[in-house]
Structures are given as structure tokens and as C-alpha cells.
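# Breakdown of the fold
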Amino acid sequence: MFKSREFRNGVIIFVGIGLYFLAMELLGVSDNFYLRILNIFIVLYGTNRTIKANIYDGQNDYLFNLTSGAMTAFVGVILSVIALNIYIHLRGGAEYIKTLSEAFLFGGSPSVYQYCAGLLFEGLASSAIGSFTLMQYWKGKTVRDGHLTH
């Protein structure tokens, strides 16, 4: 599992999301909803790496590649939410959440665990949608003599 393509690319997603959000925090724009939502491109990048590598390895089964891509994204999202939970607690817990964008998921004042659970479900759902979307691109593509064909 720890050497699998899905786990490696999931860790790439995790590191990418972590660096992206830390950069936003350092620049003082972490409360901007529109910038926060751009992390989907990091998730799509890691998921696409897995699916593309599977295709280049001759694995053309749609369901296999869909599952592989989704697992990659799920690993990245789950690791990111765990790290976010730790980060929120280090920054002050519920007080820190108040500084984040209320328009992002919740109105009112959620607890740390409600906030992280909401992000987890949102991340898993968007990962599944992203995997389906990428599979529409890769569906029917094969590799012959090192070149991608339709």
C-alpha cells in the first residue's frame, strides 16, 4: 500500500495542498473563498498522474482506472484533512476557525471536528467527480509504441 502508485500520488496531492494553503496563509489571503477552491487543480493533477501511468502500463479497464484515480484523490484528501485538524488545533482551535471564510462551508460557528468533517465529505465528493471527469478524457485511449492513441 505505501509503495503503491495511488499512495505516492496521494502524498503528492497532500504535499501540494499543504504548500498551497501555507502559502495562502503567509500571504494573508487564506480567507479568500475563490483562492481556496483552486486546490481542486492539485487534486486533479495527482489523480491524472495515476490514471495516465495506469494507461501507459497497459491497464485500460475503465472501472480499474476510475477506482485507482478515486483512491489517489481520497488518500490526498484524507491526509490533508488530518493535517488541517492538527494545524487548526495548533493555531487555537475554534478561535482560529472564526478567522476562516464563513462562506466556505458553514454559517455560524462550527466546531473543529464539524469543520473538518464537512471538508472531508466535500473533498471526497469532489474527488469522485474529478475522477469521473478525468476518466471521460482517458476513456478509450491506449498506448502503442510509446504513443497515445484513441
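As the structure is a prediction and not an experimental result, all values here were calculated from the model.

Criteria and thresholds
Residues numbered from 1 in each chain as written. Predicted model: local features only at pLDDT ≥ 70, side-chain atom pairs only at ≥ 80, totals over all residues. Heavy atoms only, no water. Helix = DSSP H or I, 4+ residues; strand = E, 2+ residues; numbered from the N terminus. Buried < 20%, exposed > 50% of the residue type's maximum accessible area, 1.4 Å probe, protein only. Contact = heavy atoms within 4.5 Å. Areas by Shrake-Rupley, 256 points an atom, 1.4 Å probe, with all protein chains shown as cover. Lys, Arg positive; Asp, Glu negative; His and termini not counted. Charge placed at Lys NZ, Arg CZ, Asp CG, Glu CD. Phe/Tyr/Trp six-rings, centres within 6.5 Å; stacked < 30°, edge-to-face > 60°. Lys NZ or Arg CZ within 6 Å of the ring centre and 35° of its normal. Polar contact = N/O pair within 3.5 Å; in protein donor to acceptor, adjacent residues only side chain to side chain. Salt bridge = Lys/Arg side-chain N within 4 Å of Asp/Glu carboxyl O. Axes fitted to C-alpha atoms, helices over the stretch in contact; angles between N-to-C directions. Parallel < 35°, antiparallel > 145°, perpendicular 65-115°, else oblique. Left-handed = near helix turned anticlockwise from the far one by under 90°. Nonpolar A, V, L, I, M, F, W, Y, C, P; charged D, E, K, R; others polar. Expected span 1.5 Å × (residues − 1).

### Observations regarding the overall build of the protein
Helix and strand counts for the protein come out as 6 helices and 2 strands. From first element to last, N terminus to C terminus, the protein shows the α and β order α-α-α-α-α-α-β-β. Overall size of the protein, expressed as C-alpha extent along the three principal axes, is 55 × 30 × 25 Å. In the protein, which comprises 150 residues, the proportion classed as buried is 35%. Put simply, 65% of the contacts in the protein that link residues at least 6 apart link residues at least 24 apart. Accessible area for the protein stands at about 8,700 Å²; split by element, carbon and sulfur atoms hold 67% of it. For the protein, the distance from the average position of its 11 positive side-chain charges to the average position of its 9 negative side-chain charges is 8 Å.

### Let's talk about the packing of aromatic side chains
Each aromatic ring pair is summarised here by two numbers: the centre-to-centre distance and the angle between the ring planes. According to the stated counting rule, one finds 2 aromatic pairs in the structure shown. Note on Tyr137 and Trp138: the rings are 5.0 Å apart at their centroids and 85° apart in plane angle, and the pair reads as edge-to-face. The ring centre of Tyr137 lies 3.9 Å from the NZ or CZ of Lys141, which sits over that ring.

### Brief notes about the side chain of Ser80
Structurally, Ser80 is set in helix H4 (residues 62-91). One polar contact links the side chain of Ser80 to the main-chain carbonyl oxygen of Gly76, over a distance of 2.7 Å. The residues contacting Ser80, other than those within four sequence positions of it, are Phe14 and Ile17.

### Details of the pattern of salt bridges
Enumeration according to the criterion identifies 2 salt bridges in this entry. Residue Arg5 is joined to Asp57 by a salt bridge in which the shortest nitrogen-to-oxygen separation is 2.5 Å. Here the residue Arg5 occupies a position in helix H1 (residues 5-27), and Asp57 occupies one in the loop between helix H3 (40-56) and H4, the gap between them amounting to 52 residues. The shortest N-O distance in the salt bridge between Glu25 and Arg91 comes to 2.9 Å. One end of the pair, Glu25, is in helix H1; the other, Arg91, is in helix H4, with 66 residues separating them in the sequence. Look at Arg91 and you get partly exposed, because its relative accessible area is 42%.

### As for the packing of H4 against helix H6 (residues 112-138)
In the contact formed by H4 and H6, the axes pass within 8 Å of each other and the chain directions differ by 155°. As summarised for this structure, H4 and H6 are arranged roughly antiparallel, according to the angle between their axes. Of the two possible hands of crossing, H4 and H6 adopt the one that is right-handed. Looking at side-chain class alone, the contact of H4 with H6 contains 20 nonpolar, 8 polar and no charged residues.

### Notes on H4
When the terminal C-alpha atoms of H4 are compared, their 43 Å separation across 30 residues agrees well with the 44 Å that a helix rising 1.5 Å per residue should span. Two residues or fewer after H4 comes Gly92, characterised by a positive phi angle close to 125°.

### Focus on the environment of Ile17
By the secondary structure assignment, Ile17 is in helix H1. In the structure, Ile17 is positioned 26 residues away from Val43 in sequence and 8.0 Å away in space, judged by C-alpha atoms. Apart from residues no more than four positions distant in its own chain, Ile17 is found in contact with Asn39, Ile42, Val43 and Ser80.

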